[in-house]
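Descriptive analysis of the structure
Single-letter residue listing:
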Amino acid sequence: MSEKKPITFRVKRAESVGGAVHWDEFEVPWEPQMNVISALMHIQRNPTTKDGRDVAPVVWEQACLEEVCGSCTMLVNGKVRQACTALVDGISPNGESITLEPMTKFPLVRDLIVDRTRMFDYLKRAKAWINVDGTHDLGPGPRVAPEVQEEAYPLSRCMTCGCCLEACPNVNDGSPFMGPAVISQVRLFNMHPSGKMHAGERLDALMGTGGISDCGKAQNCVQVCPKEIPLTESISMMGRETLKRALFGWFLK
């Protein structure tokens, strides 16, 4: 089989926060099993555009390179996904150009890097953690039934990558909606035997501004989640739990 021709990458760029946005095109030699990250590494080593201009290297985020950290999220040909698992042969089987852009629902930092702080702030707001007193040995943790473990494991795979927020039409500049990820995490931590002690507080967070009532049920989130988390199932279940708390929560006060 003859070697494939080089692949053209169109990269949307901005050299500083609030800086002018422009496009650069780079030609990257084709290699077997090449993913978007390896193509970006080639561009970083050889930051010369297709028309011969020497430019600043493209910047992006990456860490694990195995779809676990969530940091390399970007738009690849208009679809939000992880760059580390975006194989060039799958995106461009016939040598078509590939377009890379930063996510649009988060503040732009530079080039393909965005600031996902809002997602972590939402997790803090929903108390997405298990309170543990570390001042003394608490002994073995609580036992969890296998069927509960089986339900919880897919939820625990969330890596706060931002794909679900990027795809959600209700996450925008005019809406305070916190997005599907934190709703699913509330479900996860409320299932934990220790987490149940603070389940009401988490549900209260979902019942506040930007909470579950702002979900428009578009179901885009579950289509783009790279970990195949049942986000719409979590939204449905937490919708039921928040309704029960709204109707009968006063019994617990």
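Here, the structure is the one placed above.
Residues numbered from 1 in each chain as written. Predicted model: local features only at pLDDT ≥ 70, side-chain atom pairs only at ≥ 80, totals over all residues. Heavy atoms only, no water.

**Quick word on the overall build of the protein**
Here is the rule: A run of H or I in DSSP counts as a helix once it spans at least four residues, and a run of E counts as a strand once it spans at least two, with each numbered from the N terminus. The classification of residues rests on relative accessible area computed with a 1.4 Å probe and restricted to protein chains. Under 20% of the type maximum is buried, over 50% is exposed, and intermediate values are partly exposed. Residue contacts follow a heavy-atom distance rule, with two residues in contact if any of their heavy atoms lie within 4.5 Å. The protein chains shown are the only cover counted for residues, whose accessible areas, like all others here, come from Shrake-Rupley with a 1.4 Å probe. Under the convention used here, Asp and Glu are negative, Lys and Arg are positive, and both His and the chain ends fall outside the count. In this description, the location of a charge corresponds to atom NZ of lysine, CZ of arginine, CG of aspartate or CD of glutamate.
Regarding its fold elements, the protein presents nine helices and seven strands. The principal-axis extents of the C-alpha atoms in the protein amount to approximately 70 × 40 × 35 Å. Counting every position in the protein, which comprises 253 residues, the buried fraction comes to 44%. Counted over contacts in the protein with a minimum sequence separation of 6, partners at least 24 positions apart contribute 63%. On the protein, roughly 13600 Å² of surface is accessible, and the fraction owed to carbon and sulfur atoms is 53%. With 28 positive and 30 negative side-chain charges, the protein shows a spacing of 5 Å between the two charge centroids.

**As for the packing of helix H6 (residues 180-191) against helix H7 (residues 199-207)**
As a reminder of what qualifies: To obtain an axis, a line is fitted to C-alpha atoms, over the contacting stretch when the element is a helix, and the angle between two such axes runs from 0 to 180 degrees between their N-to-C directions. Put simply, angles under 35 degrees are roughly parallel, angles over 145 are roughly antiparallel, angles from 65 to 115 are roughly perpendicular, and the rest are oblique. Note on residue categories: nonpolar means Ala, Val, Leu, Ile, Met, Phe, Trp, Tyr, Cys or Pro, charged means Asp, Glu, Lys or Arg, and polar means any other residue, Gly included.
Interhelical geometry of H6 versus H7 gives an angle of 170 degrees and a closest axis separation of 10 Å. Considering their axes alone, H6 and H7 lie roughly antiparallel with respect to each other. Contacts between H6 and H7 pair Ile183, Val186, Phe189 and Asn190 from the former with Ala199, Arg202, Leu203 and Leu206 from the latter. For the contact of H6 with H7, the residue count by class is six nonpolar, one polar and one charged.

**Side note on the packing of aromatic side chains**
In plain terms, the rule: The rule is short: rings of Phe, Tyr and Trp, with Trp giving its six-membered ring, pair when the centres are within 6.5 Å, and they are stacked under 30 degrees, edge-to-face over 60, tilted in between. Over a ring means this: the NZ of a Lys or the CZ of an Arg is within 6 Å of the ring centre and within 35 degrees of the ring normal.
Under the defined criterion, the tally for this structure stands at zero aromatic pairs. The positively charged end of Arg118 is found above the aromatic ring belonging to Phe106, 5.9 Å away from the centroid.

**What to know about the pattern of salt bridges**
Operational definition: Salt bridge, as used here: a side-chain nitrogen of Lys or Arg that lies within 4 Å of a carboxyl oxygen of Asp or Glu.
Considering all chains together, one arrives at 11 salt bridges under this definition. Put simply, Glu25 and Arg10 hold a salt bridge, and the shortest N to O gap is 3.6 Å. Within this pair, whereas Glu25 is found in strand E2 (residues 21-28), its partner Arg10 is found in strand E1 (residues 7-14), the two being separated by 15 residues in sequence. Residue Glu25 is classed as partly exposed on the basis of its relative accessible area of 34%. Residue Arg10 is classed as partly exposed on the basis of its relative accessible area, which comes to 27%. For Arg187, the salt bridge is made with Glu151, and the minimal N-O distance between the two is 2.8 Å. Of this pair, Arg187 sits in helix H6 while Glu151 sits in helix H4 (residues 146-156); the two residues are 36 residues apart in sequence, bridging distant segments of the chain. In this structure, a network of salt bridges that share partners links the residues Arg13, Asp24, Asp51, Arg53 and Asp111.

**Here we look at the sheet that holds E2**
Keep this limit in mind: Two strands form a pair only when DSSP identifies at least two bridges running between them.
Ordered in space as E2-E1-E5-E3-E4, the five strands form an open sheet in which the pairing is mixed. Both edges of this open sheet fall to E2 and strand E4 (79-82), since each of them pairs with a single strand only. Along the sheet, successive strands turn relative to each other by an average axial angle of 30 degrees, direction set aside. Strand direction decides the pairing type here: strand E3 (residues 73-76) and E4, joined by four bridges, are antiparallel. Considered in E4, the bridge of Val76 is made with Lys79.

**Overview of the state of the cysteines**
Rule in force here: Our working definition of a disulfide is a cysteine sulfur pair at a distance within 2.5 Å.
Counted by the stated rule, this structure contains zero disulfides. Free cysteine Cys158: the closest other cysteine sulfur is in Cys164, separated by 6.5 Å. When its relative accessible area of 8% is taken as the criterion, Cys164 is described as buried.

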